[in-house]
Amino acid sequence: MGVEAGAQIARARALVVLRIRSRALAVALLPAAVAVILLAGSFSGRLVGPGWDAARWVLTPVAVLVLLAAAGIALVVARARPAMSPTVPIAEEAAPDLYRMVRDLADRLEVPAPSAIALTPDCDSWLEDRTHPAHGPPPVEEHDDIAGAGKQAHRRHPVAPVLVIGSPFLWWMRVGELRAVLAPVVAGTGPSAHPDIAAARRFVRGLDAAVAVTSAPRRDPVSRAVLAGVGWVARLLLRSCRLPAAELERGVAAAAAERAQAVDYGLRIVAQEQVGLAYAGWDRLLTRVALPAWRMGRWPSRLDAGVVAALTELSRRDRLAEGFASRLGERPACDLLEEPGAVDESASLLAARLFHGGPAGPGPDWAPVDWSEYPEEVVDRRWRIDAARLHRVLDAMGVRPATGPAPATGSPTLSRVLDHLTDPAGEASPPSRSTAPTGEAPFPARAPESAPPPSDSEDGYEDEEDLSGTTPRSAALAARLSAELAREEAAAAPRPSTGGSPAGGSSPTAPDPLALWDDRALPLFPLQPPRTARELLADHLTAMICCAAMDTAGATPGLDWLDGPTLLHNGERTADLAPKILTLIEEGDPTPLRAWLAELGIRPEKPVRLV
């Protein structure tokens, strides 16, 4: 370990953590030491008498129980599997240039090279210790995670941590920028190799893993009671180590940053701007483009390539990003991979699992989609499915087809939706009036339009608050749509999420059956909260309008890299519909929307094609 001030601080805090461990061991051994002294005094004839005998009879069983408890706690801490980030391992054969660049960077920093490289579908990079026996694959010949370490006995020699790189960085950044960004990360292998720091980190990770083990739900009351005691001790030790462990990590980060200052310092300042830009583009791509596809049972197989397209589009629109597009002529960092397309597909599937909770591998209901197929496979299908759901709800509410020149064949039309949501006679907007007004010619008597009773009182209160500014008809339709979508999601819920793909278990994108990270609570990082009833109604109205535009005015579905699904009319993106739809929902006034439909030549009385 170098002479950086941060490294010295980290070592000092590591010794504090190790002293806490030693004190805990001393407390566990203290009753046994006292019992040994009492027994030795009995054998030597020095500690005799009724009082000493009573002390021996009391302390000896207590010492045995304490030793057994300490051994059990130590066993749980040692065998508990520390948390491991979900990543896509990159073998050296799959990226020799990338490994060469990282090793060259480590040589320039005079630190040990990372033992392996892995990718994560996020805009971040870090070092991760995977030396726990549960993390490493036991067969040496199948050592895909730790390249270059297969010929070594890793139990005798310390293994450097794994370098985890955000996959969007490889596609958006240039080679020099990636090297500059990774310099302070790779420099962290120097302090990590110090025995005291490594031991302190192992102890803290073991305690954290033990707390996770004891928090897992169990039905056996005996095991629950035993693990409750183990968890109490582990939490107590973890609280004692919290402050020095945090200062240890800050010291390691400071030491790594200080050591990396001499390597590509000027380029790293420029590269940090790319980190922020990549994060913005990645977040936009996931929430606006990938999430609609995931909800349709499709996962874009080239998310990282989509980041480049999204950021290029951003640089075209935003003057602040004008200079970033000129970088595209330089060599991208993804050229360091032998098969960037296969790596991008694996990272895209992992992103779908983490952010949406999709299955482990492709299947009939979980198929990859290429960007060229996105408008037809995702946008068009999503709009038509939403429009079909909207008309099913209207059928259940007893809403008749709209009257007009179109033949009364019961075919779904946009006019039916607009006529139903139109306030017929200046109907008041407070939602307390949920009954239909008298004198409704187009709408015959039908079942009450009140929302079905919510399953949770808090959710019901939130729905009422969300729909407080809408007309009664909009509120009733939104509540019915929300209930219908909830039923569909509940019916599709029982699908296995922890097993591999049924037919593609040998696929390179499918994870190992013995997963090294807990995927029972997928999605681990939900992108957005559930849509409110008002948002659902607005989305379904938008879908119905887009279907009418495609079927009656020649519009086509499109993909906007920053805003997601979009409607194209004569090859150009149409204006935003949100203000006009909100006017219809909140005021029951279809005038702005009908004017927009007439301007584009959309005929709402014509039937549309549903799924």
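Residues numbered from 1 in each chain as written. Predicted model: local features only at pLDDT ≥ 70, side-chain atom pairs only at ≥ 80, totals over all residues. Heavy atoms only, no water.

Enquirer: Explain the sheet that holds strand S7 (residues 556–560) here, please?
Expert: Strand pairing in a sheet relies on backbone hydrogen bonds, with the paired strands running either antiparallel or parallel. Strand order in the open sheet formed by three strands is S7-S8-S9, and the pairing between neighbours is antiparallel. The open sheet is flanked by S7 and strand S9 (572–573), the only strands paired with a single partner. Pairing geometry for strand S8 (residues 564–569) and S9, over two bridges, is antiparallel. Pairing of His569 across the sheet is with Glu572, part of S9. Of the strands in this sheet, S7 and S8 touch helix H9 (residues 265–295), which is tilted by about 90 degrees from S8. Those strands touched by helix H12 (residues 374–396) are S7 and S8, and its axis lies near 115 degrees from that of S7. (Pairing = 2+ DSSP bridges. Helix = DSSP H or I, 4+ residues; strand = E, 2+ residues; numbered from the N terminus. Contact = heavy atoms within 4.5 Å. Axes fitted to C-alpha atoms, helices over the stretch in contact; angles between N-to-C directions.)

Enquirer: Before we go on, may I ask you to explain the environment of Trp383 in this structure?
Expert: On the secondary structure map, Trp383 appears in helix H12. C-alpha separation for the pair Trp383 and His540, spaced 157 residues apart in sequence, amounts to 7.7 Å. Among all residues touching Trp383, those that are not within four sequence positions of it are Ala543, Cys546, Cys547, Met550, Pro557, Pro565, Thr566 and Leu567.

Enquirer: Could you clarify how one ought to interpret the pairing of strand S2 (residues 116–120) in this entry?
Expert: Both faces of the sheet carry side chains from a regular strand, because those side chains alternate between them. Across the five residues that make up S2, a large majority, five, are buried. Side chains Ala116, Ala118 and Thr120 project from S2 onto one buried face, and the interleaved Ile117 and Leu119 project onto a second face that is buried too. Here three bridges tie strand S1 (residues 88–90) to S2, and the two strands are oriented antiparallel to one another. Looking at S2, one finds that Val88 is bridged to Leu119. Bridge count between S2 and strand S4 (residues 162–166): five bridges; the pairing is parallel. When the sheet's bridge partners are listed, Ala118 is paired in S4 with Val164. (Buried < 20%, exposed > 50% of the residue type's maximum accessible area, 1.4 Å probe, protein only.)

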